[in-house]
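# Structural overview for review
In case you want the letters, here they are:
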Amino acid sequence: MIVLQLIKRVWMSVKANLLYLWRKHLFKEYHKSVEIKRPILLTPKYIELGNNIFINYHSRIEGISTYAGVIYHPNIRVCDGVSIQQNLHLTCAKSIIIGKNTAIAANVTITDIHHPYEDINTPIEKQRLEVKEVNIGEDSKVYNNVVILPGVNIGKHVTIGANSVVANSIPDYSVAVGQPARVVKRYDFNLKRWRKTDKDGNFLI
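Residues numbered from 1 in each chain as written. Predicted model: local features only at pLDDT ≥ 70, side-chain atom pairs only at ≥ 80, totals over all residues. Heavy atoms only, no water.

### Some words on the overall build of the protein chain
Helix and strand counts for the protein chain stand at one helix and 24 strands. Taking all 205 residues of the protein chain together, the buried fraction comes to 39%. The long-range fraction of contacts in the protein chain, counting pairs at least 24 apart against all pairs at least 6 apart in sequence, stands at 26%. Summed over its atoms, the accessible surface of the protein chain is roughly 11900 Å², and 55% of this surface lies on carbon and sulfur atoms. In the protein chain, 27 positive and 17 negative side-chain charges are present, and the distance between their average locations comes to 9 Å. (Helix = DSSP H or I, 4+ residues; strand = E, 2+ residues; numbered from the N terminus. Buried < 20%, exposed > 50% of the residue type's maximum accessible area, 1.4 Å probe, protein only. Contact = heavy atoms within 4.5 Å. Areas by Shrake-Rupley, 256 points an atom, 1.4 Å probe, with all protein chains shown as cover. Lys, Arg positive; Asp, Glu negative; His and termini not counted. Charge placed at Lys NZ, Arg CZ, Asp CG, Glu CD.)

Given below as structure tokens:
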């Protein structure tokens, strides 16, 4: 029994090292401390993964290199300490960066791609993409079912509430909720506490 357990441990170690070496060759950046559980779709040559990253089941992390006859150069950067729960849907044709120690909850969509609809003689899915880079700051938290749209910059230490649609940028040290998401709280460094804000992000009296 002890011998079987030892063989199992050795095999698991060998398997983990082989997986690491294989993925390190495929990804733009990859470390031993990365854990990815059964993704649906990855395009590793466009993905940089820092240290101590966890990505839960059924993620789609896809760099789009060609679409409707146009060539793109996608870059997906997930920084150190990021955790991502199940069913992430991330599509990128330009640049998406997730800052260090940020947590992404389940069923989140992040994209730098917009499908135009203006040409009524061409199916929407066949029109040329509009792309705008997305940045999510460090130490932030994105809750379940959030959609983050092209051109958005989310600052440092930001909370995005569940079911929000983020269409505009969110400043550092804020809480944003809604469809579209708007800031409802910001940290006041003068008073050293969190304060409610109006629809424009100004502190309420």
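### Thoughts on unusual backbone geometry
A cis amide bond links Q179 to the next residue, P180, at an omega of 0°. Position of P180 among the secondary structure elements: in the loop between β22 (174-178) and β23 (181-188). Its identity as a non-glycine residue notwithstanding, R38 has a phi of 40°, on the positive side. Even without being glycine, H58 reaches a positive phi, approximately 65°.

### Observations regarding the packing of aromatic side chains
Aromatic rings in a pair are described by how distant their centres are and how their planes are angled relative to each other. For the coordinates displayed, the defined rule picks out four aromatic pairs. A centroid spacing of 5.1 Å and a plane angle of 35° characterise the contact between F27 and Y30, whose relative ring orientation is tilted. Each member of the pair, F27 as well as Y30, carries the same accessibility label: buried. With 5.5 Å between their ring centres and 70° between their planes, Y187 and W194 make a pair best called edge-to-face. (Phe/Tyr/Trp six-rings, centres within 6.5 Å; stacked < 30°, edge-to-face > 60°.)

### Side note on the side chain of N75
When you line up the elements, N75 lands in strand β8 (residues 75-78). Residue classification places N75 among the buried positions, given a relative accessible area of 18%. Among all residues touching N75, those that are not within four sequence positions of it are K28, Y46, E48, C92, K94, S95 and I96.

### Brief notes about the environment of L129
For L129, the location among the structural elements is in the loop between β14 (113-114) and β15 (130-131). Between the C-alpha atom of L129 and that of A93, which follows or precedes it by 36 residues, the distance is 8.8 Å. Apart from the residues within four sequence positions on either side, L129 is in contact with I64, Y67, Y72, I113, H114, H115 and P116.

### Observations regarding the state of the cysteines
Per the stated rule, a full pass over the model turns up zero disulfides. The thiol of C79 is unpaired, and the distance to the nearest cysteine sulfur, on C92, comes to 13 Å. With relative accessibility at 17%, the residue C79 sits in the buried group. (Disulfide = S-S within 2.5 Å.)

### Re the pairing of strand β5 (residues 60-63)
Strand direction decides the pairing type here: strand β2 (residues 41-42) and β5, joined by two bridges, are parallel. By the bridge assignment, L41 is partnered in β5 with R60. Here β5 runs beside strand β10 (residues 89-92); their pairing, made up of four bridges, is parallel. If you follow E62 over to β10, its bridge partner there is T91. (Pairing = 2+ DSSP bridges.)

### Some thoughts on the sheet that holds strand β13 (residues 109-111)
Spatial ordering of the open sheet is given by β2-β5-β10-β13-β18-β21, a layout of six strands whose pairing is parallel. If you trace the sheet from one side to the other, it starts and ends with β2 and β21 (165-166), each paired once. Examined bridge by bridge, β10 and β13 share three bridges and lie parallel to one another. Opposite T91, over in β13, you have T111 as the bridge partner.

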